[in-house]
Amino acid sequence: MAEERQFPHIQLKLTKEGKAKPARGGPAKTNPITDANRNNRYGHGRKLETSRLAIIADWKDARKEREQEDQPPLPEVIPLILQTDPEAFDAEKLKSFGIEVIAELEDGYIIGASVDDPELSEFQEKIEKFINQERGGGKIPEIWGFIDGARRPKHILSPKLWKKWGSIKDEQIYTVDVGVACLGNKPQLPKAPKRNDGESDDSFFKRAKRWMDKRDITYQEWDECKSEREDDLIQFVNKYRGDILSAIIDGKISKYAELPDSFSCRIQISGKGLRDLVLNFPYIFEVAEPDEFAELVLGQGLADEDDPNFQLEKPASNAPKVCVIDSGIQEKHPLLKAAIDSEDSRSWITGEIDQKADLVSNGGHGTRVAGAVLYPRTVPRTGRQQAICWIQNARVLDARCDMPEEIVPPDILGEIVEFYHGQTGTQIFNHSIAAKEPCETKFMSPWASAIDQLTWQNDVLFIVAAGNLPSDARIDLTRFSVAEHLAANRPYPDYILEDSCQIANPAQSLMALTVGSISLQSYRVPPYYSFAEEADRPSAFSRYGLGIWETIKPEVVEYGGDFVTDGGNPPNVTWPKEVCPELVRSTRGGGPTLASDNVGTSFAAPKVSHIAACIAAELPNESCLLYRGLIVQSARWPAWAANSQNKKDVIRQIGYGIPSLDRTLKNTPNRITLITQGINKIKAREARIYQVQLPKIMQSPGGEVEILLEVTLSYKAQPRRTRRNCRKYLSTWLDWDCSKRGEDPDVFLARILKEYDAPENAEKGESMSWTLGKQNNYGQIREVSRGAGTIQKDWTYVKSHQLREAFCIGVVGHEGWNNDPDAEVPYSLVVSFEATQADLPIYASVVEAQQLVELQVETEIEI
């Protein structure tokens, strides 16, 4: 590896830090409806009062009926749905109205519940103050009204279950996943004290100590609230003779199904109980049927060659470990056995705890995935080779390549991470499992949020498949197949941008690295031809983005194969060996040890896991955030994508492009990559400035040397499910900016802190013509931005005369749901410069120039 040592990544140096002063606030943008309500105090106030009285009366009548019919007792809490000003109203303000926020929806709708006040008297007091123009009623105009309780199911049920709602039968047993809010009426911590001018240390420390005591009490109250609501739900389900399928430990629902604001669980309950739960249990915010699982498992086009005369050697004892969460593995397979960590193999299939083998017919599934981790391109035919990593076998899919209903993904993933990361130090988890349906976009799913929570709690990286479309209706009758899209006059690649082809659960996870699929090559043997007209085009079956809250998903793509069709009516769709990746194959039931007989994003994801393992082997002391950042930083668009006239569609299809193992680990004479090293953390309202000193060779005033500049920020934060967008889902959210041409680091720091509290739609400007931009409509590609997710890459080409000797990147922390001023989130930052002229040696010059960079820290910047 002499070449890697010759051009390694170098450290990106922190040079300045600053903190924005607390915002003074300003006039909020209001809606015409809000303005009309404000100008009609009596009319609007009395309308809300009438609604309040009707809600209370209906609730009291319903309680009497419950008692008469011996229905399960419920807390003395009124379930509510409010419609508010979506721009101006802060949902957390409802606590001053005596209303708990259960969940915040789109378009200003809020699921709420009364707090220890079945008369909603605090709300009525606000109404009277508003009518009488007294202090304390100013938010009433922003509350537009209450929604009829009969409409509650539409806001709580998943779209699929909502379609069935009218046909729910009393005695039929239903299995559903339920989300329950558990913050009570304290959605945030008490406001932290700010030090007053001239205040003594003793005085401030006493006030800070009182705040910390209140903070600890709030955390305790959240835990007690969660415990009480778990008991309430369990008692409710038991009353209807239902079952809790999620793991119950010491009478409580599994900790892996918990987030700071909610818990989720899977239950079985009668239709009568389900209706009662949805309509009346006040703390419910989501009810959905469990996901059905989808995979292409039919083998076709077996390779016609003999088994290879090749020997895989054991990895180094300290080599990275990749846990394959799948259908099991044929552990004695000659092409795998040397790399299998068989002592730590586990099965989570009920009744098959001792069965770790891959029982899926036609060559298996987990066996193929494990092989793709070790052999991302082809299997050597002769010789010997040491495995790059250990493969660990976590079996969660049965012989039908399905996850049994009693296996609840958040519970199982938590147990898997606790065992493999906690006991064996595993960091990389390959998750080639996806649901049939597109992911939901109202809330982050329990499955995806569990991945996010586990990533927040541990230094791990989940690499997940984007999901597949079936070839035709014979494979799956429940969703549109590729053949059906063609028959409906939706040609390739247009159909892959349909809503029905969006990425599948849990690929929307913000902290997982999601992988889509591209074609290996084109195919034309009349009457059949491949969908992709050349290599590197989107696979006909791969699901596409954007993800939830318009995040860029999938982030990267790898070679998972393609379909071919005869163009008939109806069309035949198949996948001969010429369009399939070469994969290790289970020999259970006969057949060769490897074959080109299957396609799917399942086999693209482990190729990225291979890259992650290579990075971990080279940089064992760095974080998984850096691994993820380097993978995305290395990704590039193929030529067809770079030349496309519709680059938003390109982003949706292939994200940031195809990752490169070479670029993740090494540079060249004309390319250099700078990385943050170790643990880097930032708080809300903080900015951290990194400076790259550029040599003269890169900043010639009259020169036309072209430089490719790439920047990737990778971070993680703690999630909450009950809020409506990315910035309320995350405890703290980050973004990055760079200095303008010739901008001094001090001026740059002052500028980004000054812009900290500017309205989101304010014109802040971009220092360069970035491909994506920090916000929608800032970059060269419109209606998509780099700033929506927790992996934020952008790139641009600049001429040497546009550069100056100091180039700065600023990472900025913003408050999400966590208002604790001490809350920190970790991140990694990667910056690359590449001269498009391969004969321009910038690497050595940039390394030498960095010796001039020094750290200067500012404690606080006031603008």
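Each chain carries its own residue numbering, running from 1 in the direction its sequence is written. This being a predicted model, a pLDDT of at least 70 is required before a residue's local features are given, and a value of 80 or more before pairs of side-chain atoms are given or counted; all residues contribute to the totals for chains, interfaces and linings. Remark: hydrogens and water are excluded; side-chain values derive from all non-hydrogen atoms of the structure.

Caption draft 1: Just the overall build of the chain, in detail. Secondary structure follows DSSP: runs of H or I at least 4 residues long count as helices, runs of E at least 2 residues long count as strands, and numbering of each begins at the N terminus. When its secondary structure is counted, the chain shows 20 helices and 36 strands. Note that the radius of gyration is over C-alpha atoms, with the globule rule given as 2.2 Å times the number of residues to the power 0.38. Relative to a compact globule of 863 residues, whose C-alpha radius of gyration would be 29 Å, the chain shows 28 Å and is just as compact. Across its three principal axes, the chain shows a C-alpha extent of roughly 85 × 70 × 55 Å. In the chain, which comprises 863 residues, the proportion classed as buried is 60%. The contact definition used throughout considers only heavy atoms, calling two residues in contact when any of these lie within 4.5 Å. Here the contacts in the chain between residues at least 6 apart in sequence split such that 80% fall between residues at least 24 apart. Residue burial is assigned from relative accessible area. The probe radius is 1.4 Å, only protein chains are included, and a residue is buried under 20% of its type maximum, exposed over 50%, and partly exposed in between.

Caption draft 2: Up close: helix H19 (residues 745–754). Buried within H19 are the following residues: Pro 745, Phe 748, Leu 749, Arg 751, Ile 752 and Leu 753. Those residues of H19 that are buried lie in contact with strand E2 (13–19), strand E31 (686–693), strand E33 (732–738) and strand E35 (806–815). If you check the start of H19, you find a side-chain oxygen 2.8 Å away from the backbone N of Asp 746, and it comes from Asp 744. Here a polar contact is taken to be a pair of N or O atoms separated by no more than 3.5 Å, where protein atoms must pair a possible hydrogen donor with a possible acceptor and residues adjacent in sequence count only if both atoms sit in side chains.

Caption draft 3: Structural view of the sheet that holds strand E5 (residues 109–114). With respect to topology, 4 strands assemble into an open sheet ordered E4-E5-E3-E6, the strand pairing being antiparallel. Because the sheet does not close on itself, it has two edges, and the strands there are strand E4 (99–104) and strand E6 (143–146). The mean angle between the axes of side-by-side strands here comes to 35 degrees, regardless of whether they run parallel or antiparallel. In this analysis, strands are considered paired if DSSP registers two or more bridges between them. Pairing between E4 and E5: 5 bridges, direction antiparallel. Along E5, the bridge assignment pairs Glu 104 with Ile 110. Between N-to-C directions, angles span 0 to 180 degrees; the directions come from axes that are lines fitted to C-alpha atoms, helices contributing only their stretch in contact.

Caption draft 4: Spatial organisation of the pattern of salt bridges. Whenever a carboxyl oxygen of Asp or Glu lies within 4 Å of a side-chain nitrogen of Lys or Arg, that contact is scored as a salt bridge. If you walk through the whole model with that rule in mind, you get 50 salt bridges. Between Arg 377 and Glu 558 there is a salt bridge, with its nearest N and O atoms 3.0 Å apart. With a gap of 181 residues between them, Arg 377 in the loop between helix H9 (366–374) and strand E17 (382–386) and Glu 558 in strand E24 (residues 556–559) connect regions that are remote in the sequence. What makes Arg 377 partly exposed here is its relative accessible area of 43%.

Caption draft 5: Representation of the packing of aromatic side chains within the structure. Centres within 6.5 Å are what make two rings of Phe, Tyr or Trp a pair, Trp counting through its six-membered ring; a difference in plane orientation under 30 degrees is then read as stacked, over 60 as edge-to-face, and the rest as tilted. In the structure shown here, the tally under the stated rule is 22 aromatic pairs. Between Phe 293 and Trp 447, the aromatic rings sit 5.4 Å apart at their centres with planes inclined by 65 degrees, giving edge-to-face as the arrangement. Placement of the pair is Phe 293 in the loop between strand E13 (284–288) and strand E14 (309–313) and Trp 447 in helix H11 (residues 446–457), with a sequence separation of 154 residues. In this structure Phe 293 comes out as buried when scored by relative accessible area, which is 13%. On the basis of relative accessibility, which here comes to 4%, the residue Trp 447 falls in the buried class. On the numbers, 5.8 Å between centres and 80 degrees between planes, the contact of Tyr 492 with Phe 531 is edge-to-face.

Caption draft 6: Inspection of the nonpolar core at higher detail. Ranked by size, the top nonpolar core spans 69 residues in total, and within it Leu 374, Ile 391 and Ile 463 carry the most contacts. Considering every element that reaches this core, the biggest residue donor is helix H13 (residues 601–618), with 10 residues. Buried residues of nine kinds, namely Ala, Val, Leu, Ile, Met, Phe, Trp, Tyr and Cys, make up a nonpolar core once their side-chain atoms join them within 4.5 Å.

Caption draft 7: Main features of the confidence of the model for the chain. Residue-level confidence of the predictor, termed pLDDT, takes values from 0 up to 100. For the chain, the mean per-residue pLDDT works out to 89, and 92% of the residues sit at or above 70. Below a pLDDT of 50 lies the segment residues 857–863, which in the model reaches 22 contacts outside its immediate sequence neighbourhood of four places, other chains included.

Caption draft 8: Examining unusual backbone geometry more closely. The omega torsion across Lys 553 and Pro 554 is -15 degrees, close enough to zero to call that bond cis. Positionally, Pro 554 belongs in the loop between strand E23 (528–530) and E24. Cis geometry marks the peptide bond from Asn 569 to Pro 570; its omega dihedral reads 5 degrees. Considering the arrangement of structural elements, one finds Pro 570 in the loop between strand E25 (564–565) and strand E26 (573–574).

Caption draft 9: Structural context of helix H16 (residues 647–654). Of all the residues in H16, the buried ones are Val 650, Ile 651, Arg 652, Gln 653 and Ile 654. Against the buried residues of H16 lie strand E21 (513–518), E24 and helix H15 (639–642). At the C-terminal side of H16, Gly 655 shows a positive phi close to 60 degrees.

Caption draft 10: View of the packing of H13 against helix H14 (residues 624–634). Between H13 and H14, whose axes approach to 10 Å, the crossing angle comes to 125 degrees. By the criterion of interaxial angle, the relationship of H13 to H14 is oblique. Between H13 and H14 lies a crossing whose hand is right-handed. Touching Val 608, Ile 611, Ala 612, Ile 615 and Ala 616 of H13 are Tyr 627, Leu 630 and Ile 631, all from H14. All residues other than Ala, Val, Leu, Ile, Met, Phe, Trp, Tyr, Cys, Pro, Asp, Glu, Lys and Arg, Gly among them, are scored as polar; the first ten of these are nonpolar and the last four charged. Class assignment for the residues of the contact of H13 with H14 results in 8 nonpolar, no polar and no charged. Roughly parallel here means an angle under 35 degrees, roughly antiparallel means over 145, roughly perpendicular means 65 to 115, and every remaining angle is called oblique. Less than a right angle of anticlockwise turn of the near helix away from the far helix marks a crossing as left-handed, whereas a clockwise turn marks it as right-handed.

Caption draft 11: Main features of the environment of Lys 239. Among the structural elements, Lys 239 can be located in helix H7 (residues 201–239). Spatially, the C-alpha atoms of Lys 239 and Pro 72 are 6.0 Å apart, while their sequence positions differ by 167 residues. Ignoring sequence-local partners within four residues, the contact set of Lys 239 consists of Asp 70, Gln 71 and Pro 72.

Caption draft 12: Inspection of the state of the cysteines at higher detail. Defined by distance alone, a disulfide is two cysteine sulfur atoms within 2.5 Å. The full count for this structure, using the stated rule, is 0 disulfides. Just so you know, Cys 225 is unpaired, no disulfide at all, and the nearest cysteine sulfur is the one on Cys 182, 5.9 Å from it. No disulfide involves Cys 580; its sulfur sits 16 Å from that of Cys 401, the nearest cysteine.

Caption draft 13: Spotlight on the sheet that holds E23. Taken in spatial order, the 4 strands of this open sheet run E22-E23-E25-E26, and their pairing is antiparallel. This sheet does not close on itself; its edge strands, each paired only once, are strand E22 (524–525) and E26.

Caption draft 14: Quick look at the packing of H9 against H13. At a minimum axis separation of 7 Å, H9 and H13 run at an interaxial angle of 35 degrees. In this structure, H9 crosses over H13, and the sense of that crossing is right-handed. Where H9 approaches H13, its residues Arg 368, Val 369, Ala 372, Val 373 and Leu 374 are matched on the opposing element by Ser 602, Phe 603, Pro 606, Lys 607, Ser 609 and His 610. For the contact of H9 with H13, the residue count by class is 6 nonpolar, 3 polar and 2 charged.

Caption draft 15: Structural view of a positive patch on the surface. Residues with no salt bridge and a relative accessible area higher than 30% make up the patches, which join like charges within 9 Å and nonpolar side chains (Val, Leu, Ile, Met, Phe, Trp, Tyr) within 5 Å. Only the protein chains shown count as cover for residues, and the accessible areas themselves come from Shrake-Rupley with a 1.4 Å probe. The charge count treats Lys and Arg as positive and Asp and Glu as negative. His and the chain ends do not count. Where a charge lies is defined by one atom per residue type, namely NZ (Lys), CZ (Arg), CG (Asp) and CD (Glu). Together, Lys 93, Lys 95, Lys 191 and Lys 194 give the surface a local cluster of positive charge. Among the structural elements, Lys 191 can be located in the loop between strand E7 (173–181) and H7.

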